[in-house]
Every structure is written in structure tokens, then in C-alpha cells.
Amino acid sequence: MKQLSPRQIHLDFHTSENIPGIGSTFDPVSFARTVKEASISSMTVFARGHHGWLYYPSKKFPELVHPHLEYKNLLLDQVRALHKEGINAPVYITVQWDYHSATTHPEWLIRKKDGSHEGGPFTEPGFYQSLCVNTSYWDFLKEQTIEVCEMLGDELDGLFFDIVGVRPCWCASCRAEMKKLGIDAGNDEAVRDFAKMVMDRFKKNMTEVVRQYNKDCTVFYNAGHVGPCTKESADAYTHFELESLPSGSWGYLHFPLTARYARKLGKDCMGMTGKFHTEWGDFHSLKNLAALEFECFRMLSFGFASSIGDQLEPNGTLNPATYRLIGKVYSQFAQREAWARPSVPVVEAAVVTSETPRAEHQIPESLMGAVQMLEELAIQFDVIDPEMDLTGYKLVILPDDLTVCGCFQKKLEEFVAAGGKVIACAKGGQNETGEYPACFGAKSAGAQKVYPDFLIADGKLAEGLEPENEYVIYLQGEALESAGAEVLMSARAPYFKREGDFFCSHRYTPSAKGEPYPAVLKNGNVILFGHPIFEQYRKNAPFWCKKLMSNAIDLLLDERIVRHDGPSTMTVSVLDQLEENRTNLHILSYVPVRKSATIDIIEERTVLRNVTLKVNIPRKFTQARLVPEDTPLEVKDGSITIPEINGYAIVELK
Ligand SMILES: [Zn+2]
């Protein structure tokens, strides 16, 4: 697998035509020195941004050069100055957002069904009126890309195409092609599938164009998310950059969820955050140091490269404070990356995603809840799609809303017959007609009619919970019937469902103390929860949901890869390095706090003391040490105690 440059910057440069003196204070030498001193190994610089302007002396499109570009050869000199310091410099080209094109080429605009354009009105600020690559805009994009390829020649390290998302379009070109293909333009689902085909075709064609000019530069298409939707066009990419600014709309959960799936696509991956307190375009803000550490170190804990987004000010001079901040993080990153890159994650479980391959940015709540919960339990897991191989996993987890096809049910039966373990919740594992696979030994009688209902804490599954207590699950579950499975846990119904003038007190109706009925079933290697435990955890994180899941895992697996006595906010990621003959534990202790109404904040590292980890990995180990500090740790029956974890600790096991 080709490895990416490890410590990158994405240098946004969307610059208005109403600002004078673009690049007026740019100095190639000090620019590159600032970058070098911050331990940066690659910086993505701009050919054309969302305002639509070019930052080089274009021969093909002289009218598109930024009208106030004072430093005429800005792009080329940025690239050359960086190269002189041994720093890569991939080039950015915008695709679907280009304000100048949107205002001068209405025929290129993506059209909604009613003929209106996407994004806000032109009387309001913003460049979000998306363009359709299925129009003659493609010819322009192709020519502009070729111009960049020719101008830079062998000096071109890579191309970053931005805003390449699946957006249903009813423009004249799309309607004409849909008609030709016999696609009903009145069917929203069919139009979405057509839009995906158009974007996948665009990526394939664009990579082919690039390859005519450059055999080995990196190529990436950004849609703000990498998921099952990306898979079909993966051949057009050289790698994946996971745009995920936790202080932006993504939050802290998007990155690990995406990362666990993206790493299954067979290419090197890079996380992408920002130096901004909030997100893109927040020029005059600095992210808290601890937050930036966590975000970059977390990428490294997945074995990924890192990218930090910044935005260059119009005058072309980098802000020294920003690069002091980045340098503080990237210097530490550089000392640690040998224990993460390249590496292979050591995993025991796979969560099968219920995310649709037909659209980006539609991440199910159940999947979010599953990732949150399993990370808190230090379970080592991938997120896979139903087409992927189940071999090698000890445990497969099917979230609440994962309905599957017959072929996946067959694969699951084979997996279980071969000794594999399965945990499913609610509709997880059902086919389109609501049937579970035979290995579940269970049937669904449809959705539970009277709810919320209450799990009765009893038996092995209830260990650590209050005996006989009735624990509410707020969300509606499936009414389970055993078809051979044993009942692991039962539930009771409320007096009645809260509706109309039937209600009691502020919220739901309490337990009627009636006859218990099956709520969790176990059939050999399979445990089935009737309730959507993961979505419930996403909604308000009841501790009992996590405890039930943890106990269910222990009922199925003899051992876990990692157990620890640290807090639930501590994460552990296990990476194996075959060539180095070692396995490394990456342990993070940073706690995002909802300090504001809008975003989570990390202000400091959370120091942990005397944390003991019990490790059970395929590689036999007798030695453990903290790296890069080179502090030996005692190994006792596979257990290691770390005296202090100050934010980030890596334990090397040999
Ligand atoms: Zn179109």
C-alpha cells in the first residue's frame, strides 16, 4: 500500500474578488520556512477555489485569474518553495462549488425538481449554488485540470478535487440523459441513483484525464465523508482523506466511525481536522492545543496520516501563531508515527453498517450509538458493509436497523456454523419480510405495540445491574418469539401506551407488573436483543444499555483483546507491525465537554494514573515499554500497569 505523506496541511484559499492585494506579502522563502519549522511534510495549495478564481497566470482562462492577484505566480512559487524544503504540495481544484461559474453559467447549475438551483439565493452571501458535472462544465473542469497538470509537470504531487458529492439533478443535460436511459425523472430514488452514476463516472473520467499527464500523483475526491457510497468509485482514488472537523458539523464521533470503515477499502487513509475553533473560514481563531493534539493523535491511533485545515489570508502570508500551534502537535506526531505507520489493526469484531451506499451524510443513529458504545468498552472493531468478508472476525454485530438480503443471511449462517458469534438488535439481521436467519432461533411478531417497556434485570446478562430492577428502554422494540432460542432476559409492559387521554404522569406509563415476555434471546452463538439498544445509546446513553451489551459480548467471547480499569472516556487502539515484530497499544485520554450550546470543547489533557490493561493478542509478548519515552513496563500474565497517561500513551509490546 502506497503511504501518504504523514503530516499535512490543507491550506484553504477561497478569496473574494472584492479584496485587493492577493499574495502581496507572499515571500516564498519565509512561507516554506514557516511550514518546515512546524514539522509539516505536505501542504495542499490552491489552483482554483470556491469563488472561482485562479491563482496562477492562466493562458487558457486569463479572465478567471483573480482580478487582484498581485503575486502572479502564487501557486507555482508556493509549490516550488515547499519542494525546496522537501515538502510535498498537492493542488486543490474545486468542483461543485464555484461562485463565478454559478453566476455566469446558469446552464451549469444543478437544478432541483422544480427548476430552482441548489444552495442559497444569489442575493445572499455564500458560494453554495452547486454545479452539475454532467453539463459542459465538465469540459471547462477538464481543461483547467489539464492546464494545472501541464504547468506543474513532474512537480505535481497530487490533486485534491473538492465538493464531489452525489446531488440529484434535474438540469437539462441530466433530464436528457435520464430520458435516453429510460429513467423516470419523477422518481426521486431513481434520480438519486442516476446522480451517483454521474459522479462515479466523473471521478473515473477525471482520474483517466489526470493519468494522461501524470502517472503517479495522488488523486482524491472530497465529499466530506467516506463510506459505502465511496466504495464503488474507489478505483478513481489513490487514498482517502477523511474530512471531519469535530468542532464543525461532524462532531467527535464522525471520525472514528468513518475511519473504521475507510480502512477496509484497501488504501492508505488520512484524517482531516482544522486549526479553527469552529470550522472552515474561521480565519482568526486558534483551536485549543489539547483539542488539536487529540484530533491528530487519534488519527495516528488508527494508523492514519493527518491533515490540518488552515486558511491562508488574502495577502499570502501564513499566520505565525497558527504554525506555532501546529508545530507543537506535529513535532510530537513525528516522534510517534513510527509506531503507527504502516500498521494493521488487530480486531475481534465487525459492526455491519446500515449506512446506504446510495448517499453520503446519511449515517444511521444506530451505527453512531454502536461505535460510541464499543469504543467505550475498548472492543477492537471494524465497520464493514454487508458485501465484505466476515472471516477473521470472532464477533459480528448487526445494528438495530440493518435489514439484509438473503445472500447476507446465508453468509451469516455459514459464519455462525463455523463458530462465529453474532449480536443483533431489533431489526438487525431481518430480511425484507421481517424474518431473522434460522441461526437466530427467533421470530419477530412485528413491532412491540405497547411501549416503552421494561427489561427485568435477571441472570448472567444482568451482571452489574440492580437485581430484579425494571430498566426502561424508551424506544420501540421488536416483539420476539423463541423458535428454539433460550430466553436470556425478559421484559414487562406498561399499563398502557401513552396516547390520547390515556397517560400517566410526565412521561411514559410505568410497569403493570404483568407477565414477563422474552426480550433477549440466545441461540448458541447468537444473541438477539428485541430493543434498538444502539440507537437508544445514541439518543441518551443509558448506562444499562452499555452494560447489557458488554455482558452479551462476554457471554459469547472467552476473551477480549483489551480490558482495562481506566475510565470510559479512555480509548485504546491496537496496531500490529509485522515487520517490526511488535504490537502497539495507542491509548488516548482527552475528554470533549459540551461547554457551549453548539460544540464540544477539549481544553486540557486528562491525566490518568495507574491504569492496568489486560491484553490478549495473537503475538506473544514478554516485553512492554512506553514509546517514544522508552520507559519499561512490567508484564504480568498479559497485564501491564501504566503509571501515568498524560493525554496520549503508546505501549510497544514485543
Ligand atoms: Zn445535471
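**Thoughts on the overall build of the protein**
Moving on, step 1. Scanning the protein from N- to C-terminus turns up 14 helices and 29 strands.
Moving on, step 2. Taken along its principal axes, the extent of the C-alpha atoms in the protein is 80 × 65 × 50 Å.
Moving on, step 3. Here the protein holds 654 residues, and 48% of them are scored as buried.
Moving on, step 4. Considering only intrachain contacts with a sequence separation of at least 6, the fraction spanning at least 24 residues in the protein is 76%.

**Looking at the sheet that holds strand S1 (residues 7-12)**
Moving on, step 1. Pairing is parallel in the open sheet, where 8 strands are placed in the order S5-S4-S3-S2-S1-S8-S7-S6. Either end of the sheet is taken by a strand with one partner, and the two such strands are strand S5 (218-221) and strand S6 (240-243). Direction aside, neighbouring strands of the sheet carry axes that sit 25° apart on average.
Moving on, step 2. Examined bridge by bridge, strand S7 (residues 269-274) and strand S8 (residues 305-311) share 5 bridges and lie parallel to one another.

**A word on the packing of helix H4 (residues 137-152) against helix H6 (residues 188-213)**
Moving on, step 1. Contact pair H4 / H6: the axes reach a minimum separation of 9 Å and the direction vectors enclose 30°. It follows from the interaxial angle that H4 and H6 lie roughly parallel. The interaxial crossing formed by H4 with H6 has right-handed handedness. Between H4 and H6, the contacting residues are Lys142, Thr145, Ile146, Cys149 and Glu150 on the first element and Met206, Val209, Val210 and Tyr213 on the second.
Moving on, step 2. Split into classes, the residues belonging to the contact of H4 with H6 amount to 6 nonpolar, 1 polar and 2 charged.

**Quick notes on the sheet that holds strand S23 (residues 582-588)**
In a beta sheet, neighbouring strands are held together by backbone hydrogen bonds and run either parallel or antiparallel to one another.
Moving on, step 1. Spatial ordering of the open sheet is given by S9-S22-S23-S29-S25-S26, a layout of 6 strands whose pairing is antiparallel. Every other strand in the sheet has two partners, leaving strand S9 (344-345) and strand S26 (631-633) as the edge strands with one partner each.
Moving on, step 2. Across 7 bridges, strand S22 (residues 571-577) lies against S23 in antiparallel orientation. Directly across from Ser573, in S23, lies its bridge partner His586.

**Things to note about the packing of helix H9 (residues 289-301) against helix H10 (residues 320-336)**
Moving on, step 1. Closest axis-to-axis distance for the H9/H10 pair is 10 Å, and the angle between their directions is 30°. Here H9 lies roughly parallel to H10, going by the angle between them. Regarding H9 and H10, the two cross each other, and that crossing is right-handed. Of H10, the residues touching H9 (which contributes Leu289, Leu292, Glu293, Cys296 and Leu300) are Leu325, Lys328, Val329, Phe333 and Arg336.
Moving on, step 2. Across the contact of H9 with H10, the residue classes break down as 7 nonpolar, no polar and 3 charged.

**Regarding the domain arrangement of the protein**
Moving on, step 1. Domain assignment breaks the protein into domain 1 (7-342), domain 2 (347-556) and domain 3 (562-653).
Moving on, step 2. Each of domain 2 and domain 3 was reduced to a C-alpha centroid, and the two centroids are 30 Å apart.
Moving on, step 3. On the side of domain 3, 7 residues touch domain 2, which itself brings 4 residues to the contact.
Moving on, step 4. When its residues are assigned to classes, the side of domain 2 that touches domain 3 shows 1 nonpolar, 1 polar and 2 charged.

Parameters and conventions
- For every chain, the first residue of the written sequence is number 1, and numbering continues from 1 along that sequence.
- Predicted model: local features are reported for residues with pLDDT of at least 70 only, side-chain atom pairs are reported and counted for 80 or more only, and whole-chain, interface and lining totals are derived from all residues.
- Going along the chain from the N terminus, every DSSP run of H or I of four or more residues is numbered as a helix, and every run of E of two or more is numbered as a strand.
- Residue burial is a threshold on neighbouring C-beta atoms within 10 Å of the residue's own C-beta, all placed from the backbone, with 20 or more meaning buried, 12 or fewer meaning exposed, and counts in between meaning partly exposed.
- Two residues qualify as being in contact provided that their C-beta atoms, derived from the backbone, are within 7 Å of each other.
- For two strands to pair, DSSP has to find at least two bridges joining them.
- Orientation is described by axes fitted as lines to C-alpha atoms, over the contacting stretch for helices, and by angles from 0 to 180 degrees between their N-to-C directions.
- An angle counts as roughly parallel when it lies under 35 degrees, as roughly antiparallel when it exceeds 145, as roughly perpendicular when it falls between 65 and 115, and as oblique in every other case.
- For a crossing to be left-handed, the near helix must be turned anticlockwise from the far one by less than a right angle; the clockwise case is right-handed.
- Here the term charged refers only to Asp, Glu, Lys and Arg, the term nonpolar to Ala, Val, Leu, Ile, Met, Phe, Trp, Tyr, Cys and Pro, and the term polar to all other amino acids, Gly among them.
- Source of the domain bounds: an automatic or database domain assignment.

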